Every structure is written in structure tokens, then in C-alpha cells.
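# Notes for the structure review
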Amino acid sequence: MVKRKVEGISSLVRTPESMSIQDITMLDWFAGFALLLASPMTSPAESAKEAYDRAEAMLEERERRTW
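Let us look at the structure shown here. (Residues numbered from 1 in each chain as written. Predicted model: local features only at pLDDT ≥ 70, side-chain atom pairs only at ≥ 80, totals over all residues. Heavy atoms only, no water.)

### Let's talk about the packing of helix H1 (residues 26-34) against helix H2 (residues 44-65)
Where we set the bar: Between N-to-C directions, angles cover 0 to 180 degrees, with each direction set by a line fitted to C-alpha atoms, over the stretch in contact for helices. By the criteria applied, helices consist of DSSP H or I runs no shorter than four residues and strands consist of E runs no shorter than two, each listed in order from the N terminus. Working rule for angles: under 35 degrees goes down as roughly parallel, over 145 as roughly antiparallel, 65 to 115 as roughly perpendicular, anything else as oblique. A clockwise turn of the near helix away from the far one marks a right-handed crossing, whereas an anticlockwise turn of less than a right angle marks a left-handed crossing. Pairs of residues are marked as contacts when any of their non-hydrogen atoms sit within 4.5 Å. Lys, Arg, Asp and Glu make up the charged group, whereas Ala, Val, Leu, Ile, Met, Phe, Trp, Tyr, Cys and Pro make up the nonpolar group; the residues left over, Gly among them, are polar.
It is at 8 Å that the axes of H1 and H2 come closest, and there the two elements cross at 120°. When the axis of H1 is compared with that of H2, the two are oblique. As for how H1 packs across H2, the hand of that crossing is right-handed. Between H1 and H2, the residues in contact are Met26, Leu27, Asp28, Phe30, Ala31 and Ala34 and Ala51, Tyr52, Arg54, Ala55, Glu56, Met58, Leu59 and Arg62, respectively. Class assignment for the residues of the contact of H1 with H2 results in ten nonpolar, no polar and four charged.

### Details of the packing of aromatic side chains
This is how the line gets drawn: By convention, a stacked pair of Phe, Tyr or Trp rings (six-membered ring in the case of Trp) has centres within 6.5 Å and planes under 30 degrees apart, an edge-to-face pair has planes over 60 apart, and any other such pair is tilted.
Evaluation of the coordinates by the stated rule reveals one aromatic pair. Between the aromatic rings of Trp29 and Phe33, the centroid separation amounts to 5.3 Å while the plane-to-plane angle is 65°, which identifies the pairing as edge-to-face. Note that Trp29 and Phe33 are positioned in helix H1 at a spacing of four residues, about one turn of the helix.

### A look at the pattern of salt bridges
Definition in use: Basic side-chain nitrogens of Lys or Arg form a salt bridge, by our definition, when they fall within 4 Å of a carboxyl oxygen of Asp or Glu. Here's how the labels work: a residue is buried when its accessible area is under 20% of the maximum for its type, exposed when over 50%, partly exposed in between, all with a 1.4 Å probe on protein chains only.
Enumeration over the complete set of coordinates arrives at three salt bridges. Of the charged contacts in the structure, one is a salt bridge between Lys49 and Asp53, with a shortest N-O distance of 2.8 Å. Highlighted residues: Lys49 and Asp53, both in helix H2, separated by four residues, approximately one helical turn. The exposure class assigned to Lys49 is exposed, which follows from its relative accessible area of 53%. Taking relative accessible area as the criterion, Asp53 reaches 36% and is therefore assigned partly exposed. With its nearest N and O atoms 2.6 Å apart, the salt bridge here joins Glu61 to Arg65. A residue pair is termed a helical-turn pair when its members lie 3 or 4 positions apart in one helix, as Glu61 and Arg65 do in helix H2 at four residues. Among the residues examined, Glu61 registers a relative accessible area of 29% and is labelled partly exposed. A single network of salt bridges, built from pairs that share partners, joins Glu61, Arg64 and Arg65.

### Some details on the nonpolar core
The condition is simple: In this text, buried Ala, Val, Leu, Ile, Met, Phe, Trp, Tyr and Cys residues form a nonpolar core when linked through side-chain atoms within 4.5 Å.
In terms of nonpolar packing, the biggest core is built from five residues, these being Phe30, Ala31, Ala34, Ala51 and Ala55. Only H1 and H2 provide two or more residues apiece to this core. By residue number, the principal contributor to this core is H1, which donates three residues. The contacts of Ala34, once residues within four sequence positions are left out, are Ala51, Arg54 and Met58.

Spelled out as C-alpha cells, the structure:
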């Protein structure tokens, strides 16, 4: 399938790059679940940082428990 080149004003709008589920890492997976603990009082950037901090801690604990 040929993708048509975006022209005009719509070319100025940033479109998010699509990501395949196969590209998600364990860190991303754990961070996604850690976002369930995000406080509604924090900014999105702060929530993302906290989620990835928790995800890194989960990976470290996972490594420690793997025999």
C-alpha cells in the first residue's frame, strides 16, 4: 500500500508515531501498570517519571528473585 504524502496545513500537525505491541519492553509494561498508582494531583511528566522509577525497581527486584 502506498502512503500518500501529507500536504497543506495537516502537514504541520504532529502525528504520533504508531508503535507495535511487539516493541514494548518489560520496563514499558511495568511502567504502564505503575501508572495505575499515579496521583491525579501530579503532572503527567511527574507521573511518567514516577512510573518508570517504579518499573526500574520492579525489574531490579525481578532480577534479584530470579534463580
